[in-house]
Amino acid sequence: MSSRQGPRAPTLPSRRRLVSLATAVVAALLAAGYEYFNRSAGPPGRVATSATVGAPPGFDFYLLALTVEPAFCEDGNQRIGQCRRLTRAAFEQTPLVLHGLWPERRRRGDYPRDCPGPRLQLDRETTAQLQRWMPGASEGLDRHEWRTHGTCSGLDDDRYFQLAIANVQRANEALGAAVRAAAGRRVEAAELRAAADRAVPGFGRSV
């Protein structure tokens, strides 16, 4: 999108603290409140959709993995395309961007992955939305996430990414302002949960 074009924005303060913030936020939104992730889906692991990819293995919840893009870029990735295109305006507009939406099981370390499924072929609308919400798609992250996680969701590829995008938008409503305000300093999970609850009541329990 145009907001990601032009010269790279000045580095936000404190590389180490930004990386710490990213660590606190990446993979931090746990769908313990499953209704936030697919209100029409029914029981976890039985995702309702008009076009599914075979019968998915059972799973208990989705894990929404998010990235603070300036921190990712400062962590040794400055030369890749998505980081060369990053601007301060883009960070202000989308403080949290999509890494992935992962079917998970409650048993630690046990999750479905690399399920049989078709090659990723998104329609134009979904592809255009991913340019904003998943900047890593320019480096092939969308293909990796579909192959590794999306094929296990029971959804077709467009529905899978539309579901992920909708929840990244919701996460930004709940946490975007707090992430912008915390840039350059250490932040505790409890502070993020409280901020999320103030913005979107009840959302904090899923962080």
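Look up a bit, the structure's there.
What counts as what
Residues numbered from 1 in each chain as written. Predicted model: local features only at pLDDT ≥ 70, side-chain atom pairs only at ≥ 80, totals over all residues. Heavy atoms only, no water. Helix = DSSP H or I, 4+ residues; strand = E, 2+ residues; numbered from the N terminus. Buried < 20%, exposed > 50% of the residue type's maximum accessible area, 1.4 Å probe, protein only. Contact = heavy atoms within 4.5 Å. Disulfide = S-S within 2.5 Å. Axes fitted to C-alpha atoms, helices over the stretch in contact; angles between N-to-C directions. Parallel < 35°, antiparallel > 145°, perpendicular 65-115°, else oblique. Left-handed = near helix turned anticlockwise from the far one by under 90°. Nonpolar A, V, L, I, M, F, W, Y, C, P; charged D, E, K, R; others polar. Pairing = 2+ DSSP bridges. Arc of directions from axis to C-beta. Phe/Tyr/Trp six-rings, centres within 6.5 Å; stacked < 30°, edge-to-face > 60°.

## What about the overall build of the chain?
From N to C terminus, the chain includes eight helices and three strands. In the chain, the order of α-helices and β-strands from amino to carboxyl end is α-β-β-α-α-α-β-α-α-α-α. For the chain, the proportion of its 207 residues judged to be buried stands at 50%. For the chain, the share of sequence-separated contacts (at least 6 apart) that also reach a separation of at least 24 residues comes to 80%.

## Digging into the state of the cysteines
Defined simply, a disulfide is a covalent bond joining two cysteines at their sulfur atoms. Within the structure shown, the criterion is met by two disulfides. Two residues, Cys 73 and Cys 83, share a disulfide whose sulfurs are 2.1 Å apart. Between Cys 73 and Cys 83, the S-S dihedral sits near -85°, and the bridge is therefore left-handed. Taken together, the residues span a long stretch of sequence, with Cys 73 in helix H2 (residues 69–74) and Cys 83 in helix H3 (residues 81–84) at a distance of 10 residues. In terms of burial, Cys 73 and Cys 83 fall into one category: buried. What pairs with Cys 115 in a disulfide is Cys 152, and their sulfur atoms sit 2.0 Å apart. Judged by the sign of its S-S torsion, about 105°, the bond between Cys 115 and Cys 152 is right-handed. Residue Cys 115 is located in the loop between strand E3 (97–104) and helix H5 (124–133), and its partner Cys 152 is located in the loop between helix H6 (141–148) and helix H7 (157–182); the two are separated by 37 residues in the primary sequence. Taking the relative accessible area as the measure of exposure, Cys 115 reaches 16% and is therefore buried. Its relative accessible area of 0% is what places Cys 152 among the buried residues.

## Considerations on the packing of H7 against helix H8 (residues 189–199)
In contact at an axis separation of 8 Å, H7 and H8 are set at 130° when each is read in the N-to-C sense. Taken as axis vectors, H7 and H8 run oblique relative to one another. Pair H7 / H8 crosses with right-handed handedness. Where H7 approaches H8, its residues Glu 173, Ala 174, Leu 175 and Ala 178 are matched on the opposing element by Leu 192, Ala 195, Ala 196 and Ala 199.

## Considering the packing of H5 against H7
In contact at an axis separation of 10 Å, H5 and H7 are set at 35° when each is read in the N-to-C sense. Note that H5 runs across H7; the crossing there is left-handed. Of H7, the residues touching H5 (which contributes Thr 126, Gln 129, Leu 130 and Trp 133) are Asp 158, Phe 161, Gln 162, Ile 165, Val 168, Gln 169 and Asn 172. Classifying every residue of the contact of H5 with H7 by side-chain character gives five nonpolar, five polar and one charged.

## Some points on the pairing of E3
Counting buried positions along E3 yields seven of eight residues, so the element is predominantly enclosed. Bridge count between strand E2 (residues 61–67) and E3: seven bridges; the pairing is antiparallel. Across the sheet, Leu 66 pairs through a bridge with Leu 98, a residue of E3.

## Digging into H8
Buried residues of H8: Leu 192, Ala 195 and Ala 196, and no others. Projection of H8 onto a plane perpendicular to its axis shows the buried side chains occupying an angular sector of 100°, all on one side. Opposite the buried face of H8, at more than 90 degrees from it, the exposed residues are Ala 190 and Arg 198.

## A short note on the packing of aromatic side chains
One pass over the structure, following the stated rule, counts three aromatic pairs. Connected via pairs of aromatic rings, a cluster forms that spans Trp 146, Tyr 160 and Phe 161.

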